[in-house]
Amino acid sequence: MVAHFQEWLDEALDIHFAFETGQFADALTHRPSGETLPDARVWELLTRFFREEMDRQTATPGAIEALREIGEVADIVVLTNLGYDAQPLRVAQLATHGLHYEVVCNQGGKGVPARAIIERHQPTVTVFVDDLHMHHASVAKHAPEVWRLHMVAEPRLAPNVAKPEEAHARIDDWATAKQWILQKFDEGPAA
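Computed from a predicted structure; not experimentally measured.

Novice: Just give me the short version of the overall build of the protein chain, but keep the residues and values in it.
Specialist: When you go through the protein chain residue by residue, the secondary structure sums to 7 helices and 7 strands. Seen in sequence order, the protein chain has helices and strands lined up from the N terminus as α-β-β-α-α-β-α-β-α-β-α-β-β-α. In terms of overall size, the protein chain behaves like a compact globule, its C-alpha atoms giving a radius of gyration of 17 Å where 191 residues would be expected to give roughly 16 Å. For the protein chain, the C-alpha atoms occupy an extent of roughly 55 × 35 × 30 Å along the three principal directions. Here the protein chain holds 191 residues, and 42% of them are scored as buried. The contacts in the protein chain between residues at least 6 apart in sequence include a share of 52% that link residues at least 24 apart. Carbon and sulfur atoms provide 53% of the accessible area of the protein chain, an area that totals close to 10100 Å². Of the charged side chains in the protein chain, 17 are positive and 29 negative, and the gap between their average positions amounts to 2 Å.

Novice: Report on helix H6 (residues 133–142), specifying residues and quantitative values.
Specialist: For H6, the full list of buried residues reads His135, His136, Ser138 and Val139. Each buried residue of H6 lies within a common arc of 165 degrees when the element is viewed along its axis, so the set occupies one face. The elements touched by buried residues of H6 are helix H5 (111–121), strand S5 (127–130) and strand S6 (147–150).

Novice: Give a description of the environment of Arg31 that names residues and reports values.
Specialist: Here Arg31 lies in the loop between strand S2 (28–30) and helix H2 (39–52). Here Arg31 falls in the partly exposed class, since its relative accessible area comes to 39%. As a C-alpha pair, Arg31 and Leu45 span 14 residues in sequence and 16 Å in three-dimensional space. Sequence-distant contacts of Arg31, defined by excluding residues within four places in its chain, comprise Asp10, Asp14, Ile15 and His16.

Novice: I'd like a rundown of the sheet that holds S5, residues and numbers included.
Specialist: Across the sheet, 3 strands lie side by side as S5-S6-S7; this open sheet has parallel pairing. Since the sheet does not close on itself, it has two edges, and those belong to S5 and strand S7 (169–170), each with one partner. As defined by bridge partners, S6 adjoins S7 across 2 bridges and the pair is classed as parallel. Residue Leu149 lies in a different strand from S7, and its bridge partner there is Ala169.

Novice: Which residues make up H5, and what are the values?
Specialist: All of the buried residues in H5 are Gly111, Pro113, Ala114, Ile117 and Ile118. Projected down its long axis, H5 carries its buried residues within an arc of 165 degrees, all on one side. Lining the buried residues of H5 we find strand S3 (77–80), strand S4 (102–105) and H6. Just downstream of H5, Gln122 is the residue with a positive phi angle, here 55 degrees.

Novice: Give me the packing of helix H1 (residues 2–13) against H2: which residues, what numbers.
Specialist: Relative to each other, H1 and H2 sit at 100 degrees, their axes nearing to 11 Å. The angle between the axes of H1 and H2 places the two elements in the roughly perpendicular class. Across the interface between the two elements, His4, Phe5, Trp8, Leu9 and Leu13 of H1 pack against Leu45, Leu46, Arg48 and Phe49 of H2. Taken together, the residues that form the contact of H1 with H2 break down as 7 nonpolar, 1 polar and 1 charged.

Novice: Give a detailed account of the pattern of salt bridges, specifying residues and quantitative values.
Specialist: For the structure on display, the rule yields 14 salt bridges. One salt bridge connects Glu69 with Lys178, and the closest N-O pair in it is separated by 2.9 Å. Here Glu69, found in helix H3 (residues 63–71), pairs with Lys178, found in helix H7 (residues 174–187); they are 109 residues apart in sequence, far enough to count as distant. For Lys178, a relative accessible area of 15% corresponds to the buried category. Lys110 is the partner of Asp130 in a salt bridge, and the nearest nitrogen-oxygen pair spans 2.6 Å. Taken as a pair, Asp130 in strand S5 and Lys110 in the loop between S4 and H5 lie far apart in primary sequence, 20 residues in all.

Procedures and definitions
- Residues numbered from 1 in each chain as written.
- Predicted model: local features only at pLDDT ≥ 70, side-chain atom pairs only at ≥ 80, totals over all residues.
- Heavy atoms only, no water.
- Helix = DSSP H or I, 4+ residues; strand = E, 2+ residues; numbered from the N terminus.
- Rg over C-alpha atoms; globule rule 2.2 N^0.38 Å.
- Buried < 20%, exposed > 50% of the residue type's maximum accessible area, 1.4 Å probe, protein only.
- Contact = heavy atoms within 4.5 Å.
- Areas by Shrake-Rupley, 256 points an atom, 1.4 Å probe, with all protein chains shown as cover.
- Lys, Arg positive; Asp, Glu negative; His and termini not counted.
- Charge placed at Lys NZ, Arg CZ, Asp CG, Glu CD.
- Arc of directions from axis to C-beta.
- Pairing = 2+ DSSP bridges.
- Axes fitted to C-alpha atoms, helices over the stretch in contact; angles between N-to-C directions.
- Parallel < 35°, antiparallel > 145°, perpendicular 65-115°, else oblique.
- Nonpolar A, V, L, I, M, F, W, Y, C, P; charged D, E, K, R; others polar.
- Salt bridge = Lys/Arg side-chain N within 4 Å of Asp/Glu carboxyl O.

Fair warning: the whole summary comes from geometry, so function is off the table for now.
And the structure:
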């Protein structure tokens, strides 16, 4: 997502997004003025991007194939921090790739909604994949039995983002991640 967001900001708004720093705070600069955008403006632009430019996003290499294989043995639920009104947009976006999964929108930490999804589906094993530290911490707090995989699939960003201590593993490519996830299904819940 970040590379596509960067391209859109550059083309449409003359804003530079230095996402390689691994930060959103202070990473967006309005080129003509040189001013750093305040956090409220960043979130406003993210919301606009997801509502108007979601079709810019392309699949991470290997993701579609990995998800299809995982989906043969597991239910996949997409838990996203998009606004609630963007849920049908994400469903449609995934469908263009032949991926038909439940999409749950949330604002804030993902631990509480992850717990609700687990209670609804009653899986024997759950694996959570996310790129943000805060979500791993939230899931560790509210659903400690969940295996937590930290993945930063954007190669320009990955070197600048450390693995959160709450994650069980860090894997940045879907081919390797798929094997790890399938292995966890055989091992049972995380300790």
